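Each chain, letter by letter, is given below.
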Amino acid sequence: MSLRGVSKDALVASATIGLLLTVGYYVGKSLRMDIFKSHSSSLRRLCVLQRTMEDELNRIMVACEQSQFMANLARLIRAEKAIEIGVYTGYNALSIALALPQDGRLVACDVSEEFTNIGKPFWKEAGVAHKVDLRLQPALRTLGNPPLRSMVRRFQDSFNSLGRVIRPAEDDLETKSIDQLNKKLHKDARISLSMLTVGDGLTLAFKL
Ligand SMILES: C[S@@+](CC[C@H](N)C(=O)[O-])C[C@H]1O[C@@H](n2cnc3c(N)ncnc32)[C@H](O)[C@@H]1O
């Protein structure tokens, strides 16, 4: 049989090719969108990194591999809420916010508008600004808020302070505080503890 001189086989073949091309177009489009999204978030992180490197205090920034690891942990436990204590230019805040779901929430605590203003525009560009609840006041005040206390299930903190914590100097209050925290955590039977020598040190404390 033929339709206006075109054979049935030719019609089936052209319809199949048309279908394949349409499916291919949409699959390709969605793959390109995923690749674009992932490139775009890496690019935003790079922008924050670049801007941070221009700051004279840049050595206080989180190590990139530490931030990447924490963001992957957040993905692994499917975290929906997180707290960043000490935002600086917001590199880690951006990594964690990207790892949270669209309706996730990151309470970001810092005392410096000057520091946080450096990275803030990139949270917006990366499409995660709506997840970040920046609180510009001492973190103790923010965390004293009861609803936030219940958010603290698992937490990370820097523990090593560039190795000084092994033998803190008498007048080094900051390092002594980290040393005391480590000792306290070590004795705490309510948590399972893990310490990693990544960046300036990473303590993982999982509430049992
Ligand atoms: C080591 S940096 C944080 C690095 C940051 N997490 C990152 O992604 O690069 C410490 C930050 O803690 C902030 N800070 C110091 N005292 C604070 C306090 N009492 N409450 C909240 N933030 C504080 C400082 O302004 C600084 O930005």
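The structure presented is a predicted model; accordingly, all values stated were derived computationally and were not measured.

## Considerations on the pattern of salt bridges
If you walk through the whole model with that rule in mind, you get seven salt bridges. In this structure, E54 engages R51 in a salt bridge whose closest nitrogen and oxygen atoms are separated by 3.2 Å. Notably, a salt bridge pairs E170 with K176, separated by 3.1 Å at the nearest N-O pair. Look at the salt bridges and you will find they share partners, linking R105, D133 and R135 into a network.

## A closer look at a nonpolar patch on the surface
There is a patch of nonpolar side chains on the surface, built from L19, V23 and V27 and spanning about 270 Å² of accessible area. In this fold, L19 is placed in helix α1 (residues 8–53). Residue class for L19 comes out exposed when judged on its relative accessible area of 57%.

## Regarding the side chain of S112
Structurally, S112 can be placed in the loop between β4 (105–110) and α4 (113–125). We classify S112 as buried; its relative accessible area is 13%. Polar contacts involving the side chain of S112 include one to the main-chain amide nitrogen of F115, which spans 2.9 Å.

## Describing helix α3 (residues 91–99)
Each turn of an α-helix holds 3.6 residues, which means side chains three or four residues apart point in the same direction. In terms of residue burial, α3 counts as a mostly covered element, since eight of its nine residues are buried. Taken as a whole, α3 has its buried residues at Y91, N92, A93, L94, S95, I96, A97 and A99.

## Quick notes on the site of the ligand
Around the ligand there are 15 residues in total, and V62, E84, G86, D110 and A139 lie nearest to it. Residue G86 places a main-chain N or O atom 2.8 Å away from a nitrogen atom belonging to the ligand. N92 places a main-chain nitrogen or oxygen 3.0 Å from an oxygen atom of the ligand. Taken together, the elements giving at least two residues each to the shell around the ligand come down to α3 and β4. Looking at side-chain class alone, the shell around the ligand contains 11 nonpolar, two polar and two charged residues.

Analysis parameters
Residues numbered from 1 in each chain as written. Predicted model: local features only at pLDDT ≥ 70, side-chain atom pairs only at ≥ 80, totals over all residues. Heavy atoms only, no water. Salt bridge = Lys/Arg side-chain N within 4 Å of Asp/Glu carboxyl O. Patch = residues over 30% accessible without salt bridge, like charges linked within 9 Å, V, L, I, M, F, W, Y side chains within 5 Å. Areas by Shrake-Rupley, 256 points an atom, 1.4 Å probe, with all protein chains shown as cover. Helix = DSSP H or I, 4+ residues; strand = E, 2+ residues; numbered from the N terminus. Buried < 20%, exposed > 50% of the residue type's maximum accessible area, 1.4 Å probe, protein only. Polar contact = N/O pair within 3.5 Å; in protein donor to acceptor, adjacent residues only side chain to side chain. Near = heavy atom within 4 Å. Nonpolar A, V, L, I, M, F, W, Y, C, P; charged D, E, K, R; others polar.

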